[in-house]
Structure formats: structure tokens, C-alpha cells
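# Coordinates in review
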Amino acid sequence: MDATVTPEDAERHKAKMQKRKELMDRRVADRQNEKGLLMVHTGPGKGKSTAALGLMMRAAGHGFRVGFIQFIKGTWATGEQVALERFDDLIDHHVMGEGFTWETQDKERDILAAGRAWDQARALMQDQRYRLIVLDEMNIALRYGYLDIDEVVATLVSRRPDLHVLVTGRNANPLLMDAADLVTEFQQVKHPFNAGIKAQAGIEF
């Protein structure tokens, strides 16, 4: 491929990027407010919890204390459990679930586990040390009615102003999405599981 840039192309590109920079500078200057964000990762695609782990690492890099509560996952030995032990001075990891709902096959037990996880989440939200709390797979607990959506949303909305909270899991409740500042939907285009490839260490867990 010929990558030669003519002087005319270079000048047009420079003029375009200058206009783009002026626009972005104005937009940045107009947005000076800061607040704790309520964020949601949802959708059928892979990567919701994985992206949450990346956000946690970014927050920890700024010296923020992070609380990570897993509502559903609990029976697999995961890579993040081992890795997060290296950051236990900044990231507190609470595995509160007892495995996927089709594995436990016990609704009452699942409800009790979700309740314990939510109690832990509320305790962390009251702790002034935390700047980010990740409620992993809580959307699943809400979808199955293990937690009261109205009470959860009211608690999240009334949290202290500087606290960031991220909720992950597919099928996020519309009430939660309406209350959120940031909602990202992960879409599935291709997935190896559908091609007969099993879940693999370092990728799925």
C-alpha cells in the first residue's frame, strides 16, 4: 500500500485536526463538574466483569480504595481472586455468591446469599475510605427477584456524592439504567463457546 502523504493531504489533515481540537477543547472546558458516578455494564456480550476489573485497576492506580463484591460467582477458582491478593492494600474482594443459579438450584439459598452480599455492599458504601465499589453480577440477582429493585435503586441513588458504584450483569433493570449516569451495553458478535470451545483459564475465569 502506498502510504505517501502529499503536502496537500497533510495540510487538509492538519486543518481538520485543528478544528477537531478546538471543538474538543470547548467541550472539555464546558464540563467541569465532578461527582460519584453510578455505572452499569449490561448486555449479552462477554466482558462486563472483565471491564470492571480494568476500571478497578485504574482506580487503584490513583490510590483509590476499591470494594469488589461478587454476587453470583463463587464456586470457581478465578484468576482475579489470585491477582487481587497482590493489591489487598487497596482492593477488598468479597466473594459472596455460591455459584450460578442453575448450579445451586435452590432459590431460598440464592436469595439468602444475595441478601448477604447486598448487606456487605451497603456496609462498604457507608465506609468513607472507599471511592469505587463494584457490584459484580448484581443485575442477575435483581432479575431473579432476589433483591428488591426499588430499595436497591433508592440506596444507590442516595449514596454519598463522591462514591463511584459500578453494577454488572446482563439484563439490567430499566429502573437501574434510568438512575445511572453511565450505561454500557456489551453486545455479542461471536463467542467461542458457540463453536464448541470450552471456558478457558485467563479468559473466562
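The notes below deal with the structure included here. In this numbering scheme, every chain counts its residues from 1 along its sequence in written order. In view of the model being predicted, local features appear only for residues whose pLDDT reaches at least 70, and side-chain atom pairs are presented and counted only at 80 or more, with totals across whole chains, interfaces and linings using the full set of residues. The basis for the side-chain values is all heavy atoms of the structure; hydrogens and waters are excluded.

### A look at the packing of helix α5 (residues 107–126) against helix α7 (residues 149–157)
- Following both chains from N to C, one finds α5 and α7 inclined at 15°, their axes separated by 11 Å at the closest point. As the angle between them shows, α5 and α7 are arranged roughly parallel. Note on packing geometry: the crossing formed by α5 with α7 is left-handed. The segment α5 lies against α7, with W118, R122 and M125 engaging E151, V152, T155 and L156.
- Here the contact of α5 with α7 is built from residues that sort into four nonpolar, one polar and two charged. Working convention: axes come from line fits to C-alpha atoms, limited for helices to the stretch in contact. Angles between N-to-C directions cover 0 to 180 degrees. Counting from the N terminus, the helices are DSSP H or I runs at least four residues long and the strands are E runs at least two residues long. Comment on the angle field: the value is read as roughly parallel under 35 degrees, roughly antiparallel over 145, roughly perpendicular from 65 to 115, and oblique elsewhere. A clockwise turn of the near helix away from the far one marks a right-handed crossing, whereas an anticlockwise turn of less than a right angle marks a left-handed crossing. Whether two residues are in contact is decided by their heavy atoms, any of which lying within 4.5 Å being enough. Note on residue categories: nonpolar means Ala, Val, Leu, Ile, Met, Phe, Trp, Tyr, Cys or Pro, charged means Asp, Glu, Lys or Arg, and polar means any other residue, Gly included.

### Here we look at the side chain of N139
- Position of N139 relative to the elements: it lies in helix α6 (residues 138–143).
- Using a 1.4 Å probe on the protein chains alone, a residue whose accessible area is under 20% of its type maximum counts as buried, one over 50% counts as exposed, and one in between counts as partly exposed. Judged by its relative accessible area of 0%, N139 falls in the buried class.

### Quick notes on the environment of R86
- You can see R86 is positioned in the loop between α3 (79–84) and β3 (91–95).
- Residue R86 is classed as exposed on the basis of its relative accessible area, which comes to 70%.

### Concerning the sheet that holds β3
- The six strands lie next to each other as β3-β2-β4-β5-β1-β6, forming an open sheet whose pairing is parallel. Of all the strands in the sheet, just β3 and β6 (182–185) have a single pairing partner and so form its edges. When strand polarity is set aside, the average angle formed by the axes of neighbouring strands in this sheet is 10°.
- The criterion for strand pairing is that DSSP finds at least two bridges linking the strands in question. Across five bridges, strand β2 (residues 65–70) lies against β3 in parallel orientation.

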